[in-house]
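# Topology and contacts: notes
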Amino acid sequence: MPTNSTPQPAATSRKGWCCCLLFAAPPVAWLLTAPFLPERVSWFPIWLAATVWNGTDGQGGISHMLG
């Protein structure tokens, strides 16, 4: 029976990196592959962000809800 009552440090784990990679990997992958993609495909993320922000008609979307 051990007599040392000091707690042992928790084992370090890399499980916390999974959520960071979920958001960091797609932009990095797009930046690396964009020069090799056709122009229409390489502009898709920018078009998608503009559509979400402005809506399909240019008047709605998130910007309309925020004021």
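Now for a look at the structure at hand. (Residues numbered from 1 in each chain as written. Predicted model: local features only at pLDDT ≥ 70, side-chain atom pairs only at ≥ 80, totals over all residues. Heavy atoms only, no water.)

All right, on to the overall build of the chain then. Within the chain, the secondary structure is distributed over 4 helices and 0 strands. Secondary structure elements of the chain occur, N-terminal to C-terminal, as α-α-α-α. Taking all 67 residues of the chain together, 7% fall into the buried category. Accessible surface, the chain: about 6400 Å² in total, of which carbon and sulfur atoms supply 70%. (Helix = DSSP H or I, 4+ residues; strand = E, 2+ residues; numbered from the N terminus. Buried < 20%, exposed > 50% of the residue type's maximum accessible area, 1.4 Å probe, protein only. Areas by Shrake-Rupley, 256 points an atom, 1.4 Å probe, with all protein chains shown as cover.)

What follows deals with a nonpolar patch on the surface. A surface patch of nonpolar side chains, about 590 Å² in accessible area, is lined by F44, W47, L48, V52, W53 and I62. If you trace the backbone, W53 turns up in helix α3 (residues 44-54). The partly exposed category is assigned to W53, whose relative accessible area is 44%. (Patch = residues over 30% accessible without salt bridge, like charges linked within 9 Å, V, L, I, M, F, W, Y side chains within 5 Å. Salt bridge = Lys/Arg side-chain N within 4 Å of Asp/Glu carboxyl O.)

Moving on, we get to the side chain of S42. Tracing the backbone through its elements, the reader meets S42 in helix α2 (residues 39-42). With relative accessibility at 11%, the residue S42 sits in the buried group. Ignoring anything within four residues of it in the chain, the contact list for S42 reads W30, A34 and L37. (Contact = heavy atoms within 4.5 Å.)

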